[in-house]
Amino acid sequence: MAGLRYAAAQCAAAPLDIAANVAHHLAFIDAAAREGVQLLVFPELSLCGYELAGMAACALKADDALLAPLRERATDAKMTLVVGAPLANADALPGIGAITFHADGRTSAYRKHFLHAGEERHVKAGSAISQLHDVRGSKVALAICADTAQQQHAHAAAVAGAALYAAGSLISNGGYDKDSAQLAGYAKLFGMGVLMANHAHASGGYESAGRSAIWARGGRLIVAAPGPGELLVIADDDGGRVVPLR
């Protein structure tokens, strides 16, 4: 990922309030732009919070008018944004999605492929196991939380040529050690960088550990947030740093 500056946006989400969360995302995008970030990844369901029972009422399409400010800010900042969103399905339950706003104005959507136990009551799994994007010459594969618990998901990203495996997540204190060790293991096993963006505070009844992190290929931890709270975790060729949201 030579020359790429990328970051996890450890942000809080207002429950089921898309408009408020879009506005809050813009503050993170502006802060990231001041730091020269070119790829910014938000946590799982960052646009609505982990509110499974209410997701259907605020499910979105990737080109939804409510998301126009994010699309425009990505273009203006020449930044690729990956946000967590409830994705509408025409004739089925919504999906837990990642919407990518590309720096050139394009928009694409990925649906979580592997679900946590119980999520199937509220959401439908996505059919594609991997989605890659070219970000300034670096191939970036997307993942959403429980996707990362399945080694085949990370393996598919590596086989497709990913240089960075980027996950939006909601990880609690109880699950953090196991999940972070697994992510570091993927960086070592598959020779690709790994980014994990976690929620800043509790969401949907789950207390987030924060501690968003980025690992280099080979498994070395580049940088991690010290705990919960709103901040950016940034990495590039020179190393990493944590920048609190002002």
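Here's what I pulled together on the structure shown here. (Residues numbered from 1 in each chain as written. Predicted model: local features only at pLDDT ≥ 70, side-chain atom pairs only at ≥ 80, totals over all residues. Heavy atoms only, no water.)

## Quick notes on helix α2 (residues 68-77)
Going by this rule: Each residue gets one of three labels from its accessible area relative to the maximum for its type: buried under 20%, exposed over 50%, partly exposed in between, using a 1.4 Å probe on protein chains only. Secondary structure counts use DSSP, requiring at least four H or I residues in a row for a helix and at least two E residues in a row for a strand, with both numbered from the N terminus. Of all possible arcs, the one meant is that of the directions from the helix axis to the C-beta atoms. Should any heavy atoms of two residues lie within 4.5 Å, those residues are counted as being in contact.
Listed in full, the buried residues belonging to α2 are L70, R71 and A74. Summarising the axial view, the buried residues of α2 lie within an arc of 100°, below the 170-degree limit, and thus occupy one face. On its buried side, α2 packs onto α1 (18-34), β3 (80-87), β4 (95-101) and β5 (107-111). With its phi angle positive at about 55°, K78 sits one or two positions after the end of α2.

## Details of the sheet that holds strand β9 (residues 193-197)
Strands pair in a sheet through their backbones, by hydrogen bonds, and they do so in one of two ways: parallel or antiparallel. How we decide: In short, DSSP must find at least two bridges between two strands for them to pair. To obtain an axis, a line is fitted to C-alpha atoms, over the contacting stretch when the element is a helix, and the angle between two such axes runs from 0 to 180 degrees between their N-to-C directions.
The sheet built from six strands is open, its strands ordered β6-β7-β8-β9-β10-β11 with mixed pairing. What marks the edges here is a single partner per strand, and that holds for β6 (132-135) and β11 (221-224). Each strand axis lies, on average, 20° off the axis of its neighbour in the sheet, ignoring direction. Judged from the three bridges that link them, β9 and strand β10 (residues 213-215) form a sheet pairing that is antiparallel. The partner of V194 across the bridge, within β10, is W215.

## Description of the packing of aromatic side chains
The condition that has to hold: Centres within 6.5 Å make a pair out of two Phe, Tyr or Trp rings, where for Trp the six-membered ring is used; the pair is then stacked when the planes are under 30 degrees apart, edge-to-face when over 60, and tilted otherwise.
Applying the stated criterion across every chain yields a total of four aromatic pairs. Here the aromatic rings of Y165 and Y186 are separated by 6.1 Å at their centres, their planes lie at 85°, and the arrangement is edge-to-face. Separated by 21 residues along the polypeptide, Y165 in strand β8 (residues 164-168) and Y186 in helix α4 (residues 173-190) bring together distant segments of the chain. Taken together, a centroid distance of 6.1 Å and an interplanar angle of 35° make the contact between Y186 and F190 tilted. With Y186 and F190 both in helix α4 and four residues apart, this pair spans about one turn of that helix. On the accessibility criterion, Y186 (2% relative accessible area) is buried. For F190, a relative accessible area of 18% corresponds to the buried category. Among the aromatic residues, those joined into a cluster by ring pairs are Y165, Y186 and F190.

## Some points on helix α3 (residues 151-159)
In an α-helix, one turn spans 3.6 residues, which is why side chains three or four residues apart end up on the same side. For α3, every residue scored as buried is listed here: H153, A154, A156 and A157. Projected down its long axis, α3 carries its buried residues within an arc of 155°, all on one side. Just downstream of α3, G161 is the residue with a positive phi angle, here 100°.

## Side note on the layout of surface pockets
Put simply, the test is: The method works on a 1 Å grid over the protein atoms by themselves. A cavity is a set of points holding a 1.4 Å probe that cannot get out, a pocket is an open set with protein on both sides within 12 Å along at least five of seven lines, and residues with an atom within 4 Å of a point line them. Grid points are joined across faces, edges and corners, and a volume is the space filled by probe spheres set on the points. Only Asp, Glu, Lys and Arg are considered charged in this grouping, and only Ala, Val, Leu, Ile, Met, Phe, Trp, Tyr, Cys and Pro are considered nonpolar; every other residue, Gly among them, is considered polar.
Size it by volume and the largest pocket reaches roughly 410 Å³. Together, 22 residues line the largest pocket, and Y50, H116, C145, L170 and Y206 are the ones closest to its centre. Classifying every residue of the lining of the largest pocket by side-chain character gives nine nonpolar, seven polar and six charged. Taken as a whole, the second largest pocket encloses approximately 230 Å³ of empty space. Forming the walls of the second largest pocket are 15 residues, and the residues nearest its centre are M1, Y6, A216, R217 and I222. Split into classes, the residues belonging to the lining of the second largest pocket amount to seven nonpolar, three polar and five charged.

## Comments concerning the sheet that holds β5
Overall, mixed pairing links the seven strands, which are arranged β5-β4-β3-β2-β1-β12-β13 in an open sheet. Each edge of the open sheet carries a strand with a single partner, namely β5 and β13 (239-244). When the angles between neighbouring strand axes are averaged without regard to direction, this sheet yields 25°.

## With respect to the environment of A59
Relative to the helices and strands, A59 resides in the loop between β2 (39-41) and α2. As for A59 and V242, which are separated by 183 residues in sequence, their C-alpha atoms are 32 Å apart. Sequence-distant contacts of A59, that is, excluding residues within four places in its chain, are made with P86, L87, A88 and P94.

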